[in-house]
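Here's the letter readout for the chains.
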Amino acid sequence: MFLARLTKRVGIAATTLFGVGVIVFVLLRVAPGDPIAMMIAPGATPADIAALRAHYGLDESIPVQFALWLKGILAGDFGTSISIRRDVLDLLAERLPATLELATAALLVAILIGGGVAIVGTMLRRTRGESVVDAANGLLLAIPDFVWALALVLVLGVFYPVLPLSGRVNPQSADDFATRFYLVESIVTLRFDKFLEVASHLVMPTLALALPLAAVITRVLKQALAETMVQDYVLLARLKGMSELRLILQEALRNAVGPTLALTGVQFTFLIGGTVIVERIFSYPGVGNMAIDAVINRDLPLIQGLVLAFGLMFIVINILVDLAVVALNPRLRHG
Amino acid sequence: MSLLSIRNLSAVSDRDGGTPILRGVSLDLAPGEVIGLVGESGAGKSTISKAVLGMLPRTVRITKGSAIFSGRDLLSLSSRELRKITGSEITLIPQDPMTALNPGRRIESQLTDGLRLKRGMSSTDARRRGLELLEEVHIRDPERVMRAYPHELSGGMRQRVLIAAAFAMDPKLVVADEPTTALDVTVQKQILRLIRAMQAKHGTSVIFVTHDLGVVAQICDRVTLLYGGMVVEAGATAEIMERPRHPYMQALLAAGPRYDRPDRALAPVPESIFAGLREELASFDREEVRHG
Ligand SMILES: Nc1ncnc2c1ncn2[C@@H]1O[C@H](COP(=O)(O)OP(=O)(O)OP(=O)(O)O)[C@@H](O)[C@H]1O
Ligand SMILES: [Mg+2]
């Protein structure tokens, strides 16, 4: 059951990725903007330009270009970046861990804050406190990630400069890590000083991405909890003498969390989209930041590689959410 | 010496602008006795049950009266003191077994919640006791049922589990609010017999809410008939079945077991009787106003 579901999802995922690949590939080539024009030195002859075009395979027809690209990918070759002149796969491997750590940290923080506020709000049902929570949350729902980013920069970077403003680590420590997963590595190797360094760089971009998602989680989860807390089995459990907190955590949460999970999956894809602007604001060396440069430079191979990387992330997230929903619901779990 | 003594209990609905829901209800319940609460929909049966369990909705307000249980007035206890009694000395068999079990938790943990939380039993002891209880309510293969989730059990099985949970605490009083209406007719009979057997075995008193006078005749020692939140007739079941005093009770008995369904009743209750009942309610309300 579990496995069948997974296989099916992976099949769908592969198809989706292929579709995304086709669309992006074609769009990039029919849209205005010429990557070669961006890189030629002044005074290059038309022959030089034609040679460059041929070098990057841009002189072929679109279907032929696509076939060549696909063939390369299947062999593990994503092409060469036109603007950076490096292997696309290498660039992705270098940048993706940074974005994965940021996005995952943001997701966890969003779940903690959003879930925590939803539970507190539920404990405060029918009191003044609940109205305060609802009003504050309504406000937070209206603030997008980049506004958070700018506000955080102003407050924690400029007025009270307690946190580093840019990058993943201090410039001199980039060579202290064996992998690109700085945060994970610092935890696994128990290097506490490095962990603090990485974490302090993560705080602001993480919060900027997490707070809008937290507000959505609070809204949806609190609503679902309110509906669940009046179910017969919760009333019966209250009669058995369970505390309100225990009622929420043990009786209600598991049954209320379904819609929140599903929505978090969707919202998390927005969060990953948000990394583009937030990474830019904090000069955070992830794929989002690189995507902006790639687009500015019309770096077709790199954009294509990035889109596939983003697409893959979306798909993996949605598969994980799907599996989590099944895992939490005994009715689905047992078929 | 009665276990529960409700005196002059009146309640109003704050939802419907203070309309009376209960009008001076009194009833007594001796240890080990089963009392039936009957009456048409809206008569106030569930309100009485909920008042005893401390589960009244916020929109229902008690205006008068007391409910003395083992020497303590349930209506004036703090919610903390009440929580010590409910779920342990007073428990509930709910109406709908399909919604009264948490779909996300195994039967074992739900059945033994009370034992662990209120009796402080270890999980091992609670589990052993749970298995005994499931056997007591005639569940075959209790081991499997303990591991099961609610959706794997039939309605009848679930209601047995809930009955086991209600009696697990050896309560003095069990409130059963229409415990069989959600079940198949064939299962209803078994569940009724089971409640009666468990009650006799544990010496428990039961408040049994039902629409069905046939059920009352079958399992209740005494019966209280309500209309508009007022007690219309009360007494020993056998006596009332033979010599009903109030015309409403007489009409209900004449209507047959499905008195609550005018379309299927043998002889529907005549409108003149309802007119008389409404006059009784009105005169009760006038008295209330006069005496404050
Ligand atoms: N939450 C509530 N707030 C205010 N009034 C309520 C509430 N629930 C029920 N009532 C009112 O209380 C009265 C008695 O309802 P109750 O549920 O006790 O009747 P019942 O005899 O149990 O009926 P049924 O056979 O339909 O279960 C009804 O008039 C109803 O409108
Ligand atoms: Mg009722």
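It should be emphasised that the depicted structure is a prediction, and the values quoted were computed from it without experimental measurement.

Engineer: What am I meant to see in the overall build of chain A here?
Structural biologist: Check the secondary structure of chain A and you find 14 helices and zero strands. Starting at the N terminus, the α and β elements of chain A follow one another as α-α-α-α-α-α-α-α-α-α-α-α-α-α. When its C-alpha atoms are laid out on the principal axes, chain A stretches across 85 × 55 × 40 Å. With 335 residues in all, chain A has 41% of them scored as buried. Taking all contacts inside chain A whose residues are at least 6 apart in sequence as the whole, residues at least 24 apart take part in 72%. When the accessible surface of chain A is split by element, carbon and sulfur atoms take 70% of a total near 16,700 Å². When the 26 basic and 25 acidic side-chain charges of chain A are each reduced to a single mean position, those positions are 10 Å apart.

Engineer: When you look at unusual backbone geometry in this model, what are you seeing that I'm missing?
Structural biologist: Working note: non-glycine residues mostly have negative phi, and peptide bonds are mostly trans. Backbone geometry places A:Arg126, a non-glycine residue, at a positive phi of 60°. Looking at where A:Arg126 falls in the secondary structure, it is placed in the loop between α5 (88-123) and α6 (128-141).

Engineer: Would you explain the UniProt feature "transmembrane region" (unreviewed entry) in chain A in this entry?
Structural biologist: Residue and element names in this part refer to chain A. UniProt records the feature "transmembrane region" (unreviewed entry) for residues 12-31, 102-124, 136-160, 202-221, 256-282 and 302-328 in the present numbering. Helix makes up 84% of residues 136-160 and strand 0%, with an end-to-end C-alpha separation of 24 Å. The span residues 256-282 shows a helical share of 96% and a strand share of 0%, and its end C-alpha atoms are spaced 36 Å apart.

Engineer: Quick question: what am I supposed to make of the pattern of salt bridges here?
Structural biologist: Where side chains of opposite charge bring their charged atoms close, a pairing between them can arise. Per the stated rule, a full pass over the model turns up 35 salt bridges over all chains. Here A:Lys222 ties to A:Asp134 by a salt bridge, and the two come within 2.8 Å at their closest N and O atoms. With A:Lys222 in helix α9 (residues 192-228) and A:Asp134 in helix α6, this residue pair connects regions lying 88 residues apart in the sequence. One salt bridge in this structure joins B:Glu287 and B:Arg290, with 3.1 Å as the shortest N-O distance. With B:Glu287 and B:Arg290 both in helix α11 (residues 271-291) and three residues apart, this pair spans about one turn of that helix. Residue class for B:Glu287 comes out partly exposed when judged on its relative accessible area of 36%. By relative accessible area, which is 60% here, B:Arg290 ends up exposed.

Engineer: I'm lost on empty space enclosed by the protein in this one. Help?
Structural biologist: Within the structure shown, the criterion is met by two cavities of 30 Å³ or more. Computed from the structure, the largest cavity encloses a volume of approximately 190 Å³. Around the largest cavity, the lining comprises 17 residues; the ones closest to its centre are A:Leu236, A:Lys240, B:Leu92, B:Ala165 and B:Ala166. Sorting the residues of the lining of the largest cavity by element identifies α10 (232-239) of chain A together with β6 (90-93), α3 (107-118) and α6 (155-168) of chain B as the ones contributing at least two each. The dominant element in the lining of the largest cavity, judged by the number of residues it contributes, is α6(B), at five residues. The residue makeup of the lining of the largest cavity, split by class, is twelve nonpolar, four polar and one charged.

Engineer: Which parts of the structure should I look at to understand the interface of chain A and chain B?
Structural biologist: When the parts of a complex come together, some accessible area is lost, and that lost area is often taken as the interface size. Across the contact, 19 residues belong to chain A and 24 residues belong to chain B. Summed over both partners, the interface of chain A with chain B buries about 2,000 Å², with 58% contributed by carbon and sulfur atoms. Considering only the surface of chain A that becomes buried against chain B, A:Leu236, A:Leu239 and A:Lys240 emerge as the three largest contributors, covering 32% of it. Where A:Glu251 meets B:Arg105, a salt bridge forms, and the shortest distance between an N and an O atom there is 2.4 Å. Taken together, the links from chain A to chain B amount to seven residue pairs in polar contact (both at pLDDT 80 or more). If you list the elements that add at least two residues to the side of chain A that touches chain B, you get α10, α11 (244-281) and α14 (330-333) of chain A. Broken down by element, the side of chain A that touches chain B gets its largest block of residues, six residues, from α10(A). When the residues that make up the side of chain A that touches chain B are grouped by side-chain class, the tally is six nonpolar, four polar and nine charged.

Engineer: Teacher, can you tell me more about helix α1 (residues 45-53) of chain B here?
Structural biologist: Structural remark: α-helix, 3.6 residues per turn; residues separated by three or four positions point the same way. Residues and elements named next belong to chain B. Of all nine residues in α1, seven are buried, a share of seventy percent or more. Taken together, the buried positions of α1 are occupied by Lys45, Thr47, Ile48, Ser49, Ala51, Val52 and Leu53. Positive phi appears at Gly54, one or two residues downstream of α1, with a value of about 70°.

Engineer: I'm lost on the sheet that holds strand β4 (residues 60-69) of chain B in this one. Help?
Structural biologist: What holds strands together in a sheet is hydrogen bonding between their backbones, with the strands either parallel or antiparallel. Residues and elements named next belong to chain B. Spatially, β2-β1-β4-β5 is the arrangement adopted by the four strands of the open sheet, whose pairing is antiparallel. Either end of the sheet is taken by a strand with one partner, and the two such strands are β2 (19-29) and β5 (72-73). Where strand β1 (residues 4-13) meets β4, eight bridges bridge the pair, whose relative direction is antiparallel. Note on β4: the bridge partner recorded for Ala11 is Ile62.

Engineer: Please clarify how the site of ligand 1 should be interpreted in this entry.
Structural biologist: Residue and element names in this part refer to chain B. Close contacts around ligand 1 come from 16 residues, with Ser41, Lys45, Ser46, Thr47 and Thr59 the closest. Ser13 places a side-chain nitrogen or oxygen 3.2 Å from a nitrogen atom of ligand 1. When ligand 1 sits alone it has 640 Å² of accessible area, and the protein chains cover 75% of it. In terms of residues, the shell around ligand 1 owes the most to one element, α1, which gives three residues. A class-by-class count of the residues in the shell around ligand 1 yields four nonpolar, eight polar and four charged.

Engineer: What am I meant to see in the domain arrangement of chain A here?
Structural biologist: Residues and elements named next belong to chain A. Each assigned domain of chain A is listed here: domain 1 (2-74) and domain 2 (94-333). When each unit is reduced to the centre of its C-alpha atoms, the spacing between domain 1 and domain 2 is 32 Å. Contacts between the two partners involve 22 residues from domain 1 and, on the opposite side, 17 residues from domain 2. Taking both sides of the interface into account, the surface hidden between domain 1 and domain 2 amounts to around 1,800 Å²; carbon and sulfur atoms contribute 76%. A salt bridge links Asp322 to Arg9, with the nearest nitrogen and oxygen atoms 3.2 Å apart.

Reading guide: rules and limits
- Residues numbered from 1 in each chain as written.
- Chains lettered and ligands numbered in written order.
- Predicted model: local features only at pLDDT ≥ 70, side-chain atom pairs only at ≥ 80, totals over all residues.
- Heavy atoms only, no water.
- Helix = DSSP H or I, 4+ residues; strand = E, 2+ residues; numbered from the N terminus.
- Buried < 20%, exposed > 50% of the residue type's maximum accessible area, 1.4 Å probe, protein only.
- Contact = heavy atoms within 4.5 Å.
- Areas by Shrake-Rupley, 256 points an atom, 1.4 Å probe, with all protein chains shown as cover.
- Lys, Arg positive; Asp, Glu negative; His and termini not counted.
- Charge placed at Lys NZ, Arg CZ, Asp CG, Glu CD.
- UniProt positions renumbered as here; feature names shortened; annotations may be inferred.
- Salt bridge = Lys/Arg side-chain N within 4 Å of Asp/Glu carboxyl O.
- 1 Å grid on protein atoms, 1.4 Å probe; cavity = no way out; pocket = protein on both sides within 12 Å on 5 of 7 lines; lining within 4 Å.
- Points joined across faces, edges and corners; volume = space filled by probe spheres on them.
- Nonpolar A, V, L, I, M, F, W, Y, C, P; charged D, E, K, R; others polar.
- Buried area = accessible area lost by both parts, 1.4 Å probe.
- Polar contact = N/O pair within 3.5 Å; in protein donor to acceptor, adjacent residues only side chain to side chain.
- Pairing = 2+ DSSP bridges.
- Near = heavy atom within 4 Å.
- Domains from an automatic or database assignment.

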